[in-house]
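A look at the structure
Residue strings, one per chain:
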Amino acid sequence: MSASQQANAIQKPIQQDWANREYVEVITCSIKKISDFLNSFDTSCRSRLATLNEKLTQLERRVEYIEARIVKGQTLD
Amino acid sequence: MDVDALKDNDVGEVMVSHRTRSSEECMMASNDKVTLTEALHNVNVLDDLHLPDQQPCIEALSLSIHYQTNFDTNFEDRAAYVTGVARYTEEATVHSELNKLLEEGKEYAVMIYTWRCCSRALPQVKSAAQENRTEIYQKIVEVMEPLVSKLRDFMHFQIKAVQTFCGEVRRLCHKEKRNDFVSEAYLLTLGKFISMFSELDELKNMKASVRNDYSAYNRATQCLKLSVDKNHMEDSHTLSMFLATQNKIRDELQKTLVAIEGYEDLLADIISICVNMYENKMYIEPNEKYMLVKVMALSLFMVDTPTNSIYKMDQKKRISISKIDRILKELEIVPLYGDMMVAPYQYIKKSVNFDSSKWPECESSKVSPQSNILAHLEPIRENHMSYISQLSRHSNEALTTMRGKLRSSTTLATSRSDAENKDLYELALRGLQLLSSWTQQVMELYTWKLLNATDIHSNPNCPKDAETYEKSTRYNYSSVEKFAIIEVIAMIKGLQLLMLRMESVFMDAIRRHIYAELQDFVQLVLRDPVRKAIKKKNDVTKVILVAVRETCVDWLRGVEPQGDPAMRGKKDPDEGFLIQVPRRNVGSSTTQLYLVRTMLESLVSDKHIGKRQLRKDLNVKDAQNIEAFHKMSFFWSYMLNLNDSLHASCNLSLLWFREYFLELTMGERIQFPIEMSMPWILTDHILETKDMMEYVLYPLDLYNDSAHYALTLFHQQFLYDEIEAEVNLCFDQFVYKLSDQAFDYYKQMAGNILLDKRFRLECAHNGVLIEFPKANRYETLLKQRNVQLLGRSIDLNKLVGQRINAALQKALEVAISRFEGEDITGIMELEGLIDCNKLTHKLLGQFLSLNDFDAMLREANHNVSAPYGRITLHMFFEISCDFLPNYCYNAATNRFVRTVHSFVEEVRREKPHHIPHRYIWGAKTLTSSFSSIYRQYAGFVGAPHFRVICRLLGYQGIAVVVDELLKMVNEQLRGPLTKYTATLINSMPKNCRLLRYDYGSPGVVAYYQAKLEELIQYPDLRTEVFQLFREVGNAILFCLLIEQALTQEEANDLKQSAAFQNVIPKPFIPRQDGQSQKEKLELVKSVMKKLEVKYQALQVVPVIGQLGNQQQSTKAQEGDLLTRERLCCGLSMFEVILRRIQSFLEDPIWHGPAPANGVMNVDECTEFHRLWSAIQFVYCVPVGENEYTVEQLFGEGLNWAGCALIVLLGQQMRFEALDFCYHIINVYRADQKDENVKGIQIKKMVNRIRKFQILNNQIFAVLNKYLKADDSGGVELVRNFDPKPQFIGSSDSFQTSFV
């Protein structure tokens, strides 16, 4: 009896270690997922911001052009 | 990560500091406590968020956040495994110390490798008398001290490392222990030491700058007389000796080793294990492979001493030289450190008992297979293809099932079976091995090429004075090799990305698989050997087996199954003894794995444990099982660190680092130019050849690799800065070249699309091929909006867009400049060029955001804020300076052609110089093709030109041109023409009658000739006067033709705008049987109504009325009205022009004085039509053989001018009635006398008169048509005059009507 108790006492930390490490893995894995998510979020945002930026630039250029056209109208009047 | 720290937390509830927000269903209640399950669920639903990234994936992985976990404890937790065999726990302790030393060694290697010479930058003391020399020396010492202290540390480290190593060897070679078991991992670590020593040694040999720096420091200290301390003196002496002596470390090591008895056996073991691992591919990272080879060669060199020949060892089968021979040929050159490489065989050659006959492979002259990447390319491709398809199957599966599971249940455990986990594990392992093998291919080729530089004989392109580095890189690769490297790099980077994307899935499966394998092994497989050991009372074996089991067993519910018969050495009951093995999502810890593997290895090893070979205690099957497990578990540590392994086995940073070659230049070069840099050589190769365009971002990614390692491995800011500088330069070049190419490509495409198909065919028949540009996928590149380079996110699309915008703008400007260098016919090519650019714009506009094309055209035309642009101005310039004075109109062809003889100065135009073809038509062949097409239009000005003018000038431009033309006509009419008219009328006789028919035609001709003698002889008549009239006539014709062209264009526009104006064509409805006409009409009406309703949304006016404001609505209505009106009453510009010209004719000279008879002048030559009759007489006189006719010189513009003036002056009837020539023709008709009157052949003259009469009639008809249109009612006013008695004339009675 005492032998088996002893064996159990030895093995308990190992068993506990497995459980703990599994827990750590689960957390690590989740952090990994969060970082993956953030990365793809980053890429996606950048690409969308780039599109937005492009649209704004185009509008700006358009406005500039139209302004130049209008100024001509005024001088002629 | 510290595992112990987490021990207190049980799996259960944890506090999450911030409330996690996520989508849909997982909204938390208002309490701030989040359970672990909920937290994990929150993380899992992140997968559901849709994060679109539109760009095609053609670049390597680049992460903003790189999350890497490292559970390697370096045996810190060894004490926890109390159940392990004490001996191996001790070994772990030693092992951990050795690992630390290895780490330290790596740092010193980095230090030496990245050492840049300081002494060259130091100010030199020129003479002993220099005033500030002490100050200089002090500064030198101050600056160099930290560096020198590092060198000193390095020396001490090296001594310590050699001592430790030799201490270990001595311990293992002790007489008692000589036959004892030494674990594979331990031997390998010793091997690593040997490799480290050789690295440090070679680095130290190579870096002359280290020695120079140290001697500079030494000089300074000596001059300052700082080193008075004796210890210090000695130390510095040893250090300089250490630095100056070549191969100091190796020699020292060998000297110490030789003194140890039996060291050869240990080294022989190391060699065998290296050979074994190399042959069985027991490595993952490329560097490990090279380490094995280096260790083999170096150990052989160490073992080979005068007393102990390696060839004898070979005979004794301790080592196998033939195997090593083959390996050393296979890998002739291996990277030593960074860009330093070493030929391992050279070590052997230097050994004491070297015998070349034993090394047939290495001695043979054949080229090592490592230099030939092309031979490996096809298998690599095949492997890539098959692996990618496998991977994508799993990836899709993982994606769909994971998503599905998340929805269906909240449990975290996936229900993947053991077999599936195993599949995934093997897939990941295979992927890792493939990646590593491809990386090896590239690295091996690269290192081979570095050492085997090209020369002028093998590569004629290599200049004589090429630098060493250049010879190794720039000129050392053929095009095919470059492509092969690019392709392999792309495969590596591409697959790495795919695998990293699946990392979570892989990791999950790997951990579960390893756990299952391990637990199954210790709980089930090990039962048999344990039973046997107990039964046979093999205590040692039993102890080890039980230790293995207890080190890592994880019983179901934490309780060992009671009464296992195997533990008592008994047989299982017949129904079997059931042990349920649990499953977890966790792998073994590093120490655990090490202990288990070492203990198992000791069981099956040939060596002794204590006094016996334990292998004999096991039966064959058990031994095989254990061996299989041992072999399989070798890769577990790599697989548990998949992320790390993936990065390490795809590390191609070596391709940029060149510290060794920089050192070789002895300070000549601070850094090599980009042309010699491998990443740029590869990138540029793609850009230059335009092949494999989609791969172009992969070689650029090499910079990411290098920069990453510069910071994380070398810890050197300056290296990073240099990489960054190079990347800045390269990227600029890259964008520049890419945008140029994309522009060229689409421009050529547009040019080819627009090129006449038949022309192309004809050219092909004649052997001239005009080909479309080779299809290329620029669009994938152009769609890249976030290219990752050195941590920056670059919007490639935007950058290229900017440049292409500029290029298009330039192309438009070039088109206009070209037109400005040409005459009026150049307008045809201008339109073509604008169309071509427009098409290019359209093609590129699909991928890039370009400026509005019309806006660009206006800008190029300088027409944004000015009312008229360059095209209009040049058009007007051409019309006034070239077209009006030099062109001759011909009604038959309706064209103008250039006169045979010009009366004005030739026009000078500035032709633009040296414009690249890319801005014109895109390519040389296209430019010449289009030039020859448009040359067809260069000889004349006709309807096509006028239509193009209408399109390009627009209403505004035409208005300006016409207005200016009118001004010119005004000037001509009021200025020179009035003067000439007055002079000419004066030179005419006062009276000139229409002679009676009795005189006969010769008489009439002679009469007029005599009468008009003075006018005919007037010198300016045939030149100046005709020229002036021609210009006026051409101006009128121009206006007429432009109006015609405009009308055509407008009709076209109207047709196109019909849909928006509610003009719907009537549909054809066949009449049904028995349907009356009325019914049919009703039907048509209803269909029309339906159509109107259908297209209601298209009608501009009502739509704007609904949606726009009052002002817009009014404008729309007015516009619509104008458009409709144009159709109905045909507003004519030409009529207005004629009226304006009419208003210029105020001078009385045109009309002459009022007739004396109160009715009309008959014989008096006072009115303009009289003058014109005289002029007509002049040009109807036939010309001599070599003279130009008036048609050739002036064309019909002359006639148009005369007739228009006559009509506008209201003298048409009088002209027709009283004209001299018409009279001649009438007389000639009556008598048909053909004579030569003073050189005038009457028949010929009459023929000419006939032609001109017809022409005049045509002109009158056209003019009257336009003018009459305006007359109210169109009724001619006729006044009748009674014939007066004094009227003496022919028998004909006159009844004149005039308007």
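Residues numbered from 1 in each chain as written. Chains lettered and ligands numbered in written order. Predicted model: local features only at pLDDT ≥ 70, side-chain atom pairs only at ≥ 80, totals over all residues.

**Brief notes about the overall build of chain B**
- Helix and strand content of chain B: 51 helices and nine strands.
- What you see for chain B is a C-alpha radius of gyration of 50 Å, clearly larger than the 34 Å of a compact globule of 1299 residues, by over 25%.
- Counting only C-alpha atoms and orienting by the principal axes, one finds that chain B spans roughly 170 × 100 × 60 Å.
- When burial is assessed residue by residue, chain B has 38% of its 1299 residues classed as buried.
- If you take every contact in chain B between residues at least 6 apart in sequence, the share linking residues at least 24 apart comes to 80%. (Helix = DSSP H or I, 4+ residues; strand = E, 2+ residues; numbered from the N terminus. Rg over C-alpha atoms; globule rule 2.2 N^0.38 Å. Buried ≥ 20, exposed ≤ 12 C-beta atoms within 10 Å, placed from the backbone. Contact = placed C-beta atoms within 7 Å.)

**A few points about helix α21 (residues 590-604) of chain B**
- Here α21 of chain B is 15 residues long and its end C-alpha atoms lie 21 Å apart, about the 21 Å a rise of 1.5 Å per residue gives.
- With 13 of 15 residues buried, α21 of chain B is to be regarded as a mostly interior element. (Expected span 1.5 Å × (residues − 1).)

**Topic: the interface of chain B and chain A**
- The interface of chain B with chain A comprises 47 residues on the first partner and 44 residues on the second.
- Among the elements of the structure, α1 (36-45), α18 (503-525) and α31 (796-820) of chain B are those that each provide at least two residues to the side of chain B that touches chain A.
- Broken down by element, the side of chain B that touches chain A gets its largest block of residues, three residues, from α18 of chain B.
- In the side of chain B that touches chain A, the residues fall into 21 nonpolar, 16 polar and 10 charged. (Nonpolar A, V, L, I, M, F, W, Y, C, P; charged D, E, K, R; others polar.)

**Examining unusual backbone geometry**
Residue and element names in this part refer to chain B.
- A positive phi angle, near 60 degrees, is found at N894, a position not held by glycine.
- Positive phi, close to 65 degrees, is recorded for N1062, a residue that is not glycine.
- Residue N1062 is classed as partly exposed on the basis of its C-beta count, with 16 C-beta atoms lying within 10 Å.

**Looking at the domain arrangement of chain B**
- By domain assignment, chain B separates into domain 1 (4-48), domain 2 (78-359), domain 3 (748-766 + 791-881 + 906-941) and domain 4 (970-1034 + 1079-1299).
- Of note, the centres of domain 2 of chain B and domain 4 of chain B, computed from C-alpha atoms alone, are 109 Å apart. (Domains from an automatic or database assignment.)

**Focus: the pairing of strand β6 (residues 895-898) of chain B**
Residue and element names in this part refer to chain B.
- Where strand β5 (residues 887-890) and β6 come together, four bridges link them in antiparallel fashion. Its bridge partner lying in β6, C888 is registered against V897.
- Strand direction decides the pairing type here: β6 and strand β7 (residues 940-941), joined by two bridges, are antiparallel. Across the sheet, residue F896 finds its bridge partner in β7, namely V941. (Pairing = 2+ DSSP bridges.)

**Focus on helix α7 (residues 248-258) of chain B**
Residues and elements named next belong to chain B.
- Where α7 is concerned, the buried positions are I249, R250, L253 and L257. Along the long axis of α7, the arc covered by the buried residues comes to 95 degrees, so they all point the same way. Opposite the packed face of α7, turned more than 90 degrees from it, sit the exposed residues D251 and K255.
- Among the structural elements, α3 (133-172), α4 (184-206), α8 (263-279) and α9 (286-303) are those in contact with the buried residues of α7. (Arc of directions from axis to C-beta.)

**Quick look at the environment of L952 of chain B**
Residue and element names in this part refer to chain B.
- By the element assignment, L952 lies in helix α37 (residues 943-987).
- For the pair L952 and S119, spaced 833 residues apart in sequence, the C-alpha separation works out to 70 Å.
- The contacts of L952, once residues within four sequence positions are left out, are I827, L830, E831 and I871.

**Section: the packing of α8 of chain B against α9 of chain B**
All names here are of chain B.
- Following both chains from N to C, one finds α8 and α9 inclined at 150 degrees, their axes separated by 9 Å at the closest point. Here α8 lies roughly antiparallel to α9, going by the angle between them. Like other packed secondary-structure pairs, α8 and α9 cross with a definite hand, here left-handed. Counted together, E264, L267, A268, I270, I271, C274, V275, M277 and Y278 of α8 and K289, L292, V293, V295, M296, S299, L300, M302 and V303 of α9 form the full contact between these two elements. (Axes fitted to C-alpha atoms, helices over the stretch in contact; angles between N-to-C directions. Parallel < 35°, antiparallel > 145°, perpendicular 65-115°, else oblique. Left-handed = near helix turned anticlockwise from the far one by under 90°.)

**Describing the environment of F1026 of chain B**
Residue and element names in this part refer to chain B.
- Here F1026 is to be found in helix α40 (residues 1021-1057).
- It is 27 Å that separates the C-alpha atoms of F1026 and S1001, two residues lying 25 residues apart in sequence.
- For F1026, the contacting residues outside a window of four places in its chain are V1190, F1194 and L1198.

**So, the sheet that holds β7 of chain B**
- Here three strands make up an open sheet; going across it, the order is β5-β6-β7 (chain B) and the pairing antiparallel. Each edge of the open sheet is held by one strand with a lone partner, namely β5 and β7 of chain B.

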